[in-house]
Amino acid sequence: MQCDYFDASRCRSCTLMGTAYAEQLAAKVIRAHQALTAVGAVPRWLAPQLSPESGFRNKAKLVVGGSVDSPTLGILDGQGRGVDLRECGLHEPGLYAVLPRLAAFITEARLTPYDVPRRRGELKYVIVTHSPDGELMVRWVLRSREALGRIKRSLPQLVSELPQMAVASVNLHPEHKAVLEGDTEIVLSQRHTLPMRVNDVTLQLHPQSFFQTNTAVAASLYRQARDWTETLGPQSTWDLYCGVGGFALHTAAPGRTVLGVEVSAEAITSARESAREQGALSVSFHAGDATAYAQSHPAAELVIVNPPRRGLGQDLARTLEKSHARHLIYSSCNVDSLARDLAAMPSLTAVEARVFDMFPQTTHQEVMVLASRR
């Protein structure tokens, strides 16, 4: 993939830009093999899941810079000035196409970009999610409610020009800190969720819900977990760190109880809505800490985990090691924490593993492992 921003040194986020895709993928596979081999051999590696090299991101998290009349959507440079990246080739075409209109909306609604060095201004980020059915969720992250009225007044015209915008919201993020959003979300549209159709499952995303940024590869990830689960045939399954319920709903089956656990109450609300729509009566969800839940309940026959980059941690790894769970499916975005956690669960031996190239042009990857108790 060729990128003018990278070539001009305006953005270096994609550290592998310009490297042949086959070479990128081979390096990721080698990296995963080396990390997991260090804690025990994996008998079988499945073929890696490829991704399109460009046009794969379903979500744009854009820092707003510049001025009201000349805003930038992209990142900040070393001096805190806006660098416009609205033509980034990683975005899905349906997302890429609307960014110029969203930039114009900043001027129309008179939304002052937040000046990080001076700590002045209102609009910090514009976050846009594009669904497989072509619908959009648009979120404006503001420092305060000062601009909320102007957004509401200007929104009908934007909706008339972008009828695919299904969900619109404002997030309030008053603190000066390096996090993307605050706790308060104000939904401005009639609809509160964006349907994300993945395989034969539709996941309902609320504004603050997490979803993988590469829909096609996420679909493959869920199919792999489903295939392994069907082969194992467990009567009970846990999906820890379940998010909006992707693994739980993909592995649901008649006669199998499935429980998803997630600390985010909004994600659990999304998961429950999706389960109701799917008619998945044997799937339930619990809002709470995954480690605390696992420590206080008898383990399911199969446990699926998809933790953040830091991994499971010693307490949860120790709990699963001592549990009666017969199988583990571990999906990880950090192969180092994955290897560390597997080393802490020696009775759960890796059987198969697979690399999923969720983030082409970068060194990041998703690795999923099936482990069974000796």
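Everything discussed here concerns the structure shown above.
The structure reproduced in this document is the subject of the present report. This structure is a prediction, so every number in the text was calculated from the model and none was measured.

**Observations concerning the layout of surface pockets**
- Considered as a void within the structure, the second largest pocket measures approximately 230 Å³ in volume.
- Around the second largest pocket, the lining residues are K59, K61, I127, R139, L180, E181, P207, Q208, S209 and F210.
- When grouped by side-chain class, the residues that make up the lining of the second largest pocket number four nonpolar, two polar and four charged.

**Here's the deal with the packing of aromatic side chains**
- Applying the stated rule across the entire model yields three aromatic pairs.
- Relative to W140, the ring of F105 lies with its centre 5.1 Å away and its plane at 35 degrees, an arrangement referred to as tilted. Of this pair, F105 sits in helix α4 (residues 99-108) while W140 sits in strand β6 (residues 136-142), and the two are 35 residues apart along the sequence.
- Ring centres of W238 and Y293 lie 5.6 Å apart, and the angle between their planes is 75 degrees; this geometry places the pair in the edge-to-face category. With W238 in strand β11 (residues 236-240) and Y293 in helix α9 (residues 290-296), the pair connects residues that are 55 residues apart, well separated along the chain. With respect to class, W238 is no different from Y293; both count as buried.
- When the ring centre of F6 is taken as origin, the NZ or CZ atom of R12, which lies over that ring, is 4.0 Å away.
- Across from the ring centre of Y114, 4.8 Å away, lies the NZ or CZ of K124, which sits over that ring.

**Observations concerning the side chain of K59**
- Relative to the assigned elements, K59 resides in strand β2 (residues 59-66).
- For the buried residue K59, which engages in no salt bridge, the nearest side chain bearing the opposite charge is E181, 5.9 Å off.
- Discounting residues that sit within four places of it in the chain, K59 has contacts with H91, L95, I127, V128, T129, S209 and T213.

**Quick word on the pairing of β6**
- Burial of β6 is extensive: seven of the seven residues sit out of reach of the surface.
- Burial along β6 is two-sided: L136, V138, W140 and L142 facing one way and M137, R139 and V141 facing the other are all buried.
- Of the pairings in the sheet, the one linking strand β5 (residues 123-130) to β6 comprises seven bridges and is antiparallel in character. Each residue of the ladder has a partner; that of H130, found in β6, is L136.
- The turn joining β5 and β6, which pair antiparallel and follow one another in sequence, is formed by five residues; a positive phi near 85 degrees is taken by G134.

Calculation notes
- Residues numbered from 1 in each chain as written.
- Predicted model: local features only at pLDDT ≥ 70, side-chain atom pairs only at ≥ 80, totals over all residues.
- Heavy atoms only, no water.
- 1 Å grid on protein atoms, 1.4 Å probe; cavity = no way out; pocket = protein on both sides within 12 Å on 5 of 7 lines; lining within 4 Å.
- Points joined across faces, edges and corners; volume = space filled by probe spheres on them.
- Nonpolar A, V, L, I, M, F, W, Y, C, P; charged D, E, K, R; others polar.
- Phe/Tyr/Trp six-rings, centres within 6.5 Å; stacked < 30°, edge-to-face > 60°.
- Helix = DSSP H or I, 4+ residues; strand = E, 2+ residues; numbered from the N terminus.
- Buried < 20%, exposed > 50% of the residue type's maximum accessible area, 1.4 Å probe, protein only.
- Lys NZ or Arg CZ within 6 Å of the ring centre and 35° of its normal.
- Lys, Arg positive; Asp, Glu negative; His and termini not counted.
- Salt bridge = Lys/Arg side-chain N within 4 Å of Asp/Glu carboxyl O.
- Contact = heavy atoms within 4.5 Å.
- Pairing = 2+ DSSP bridges.

This is a description of form; function is not addressed.
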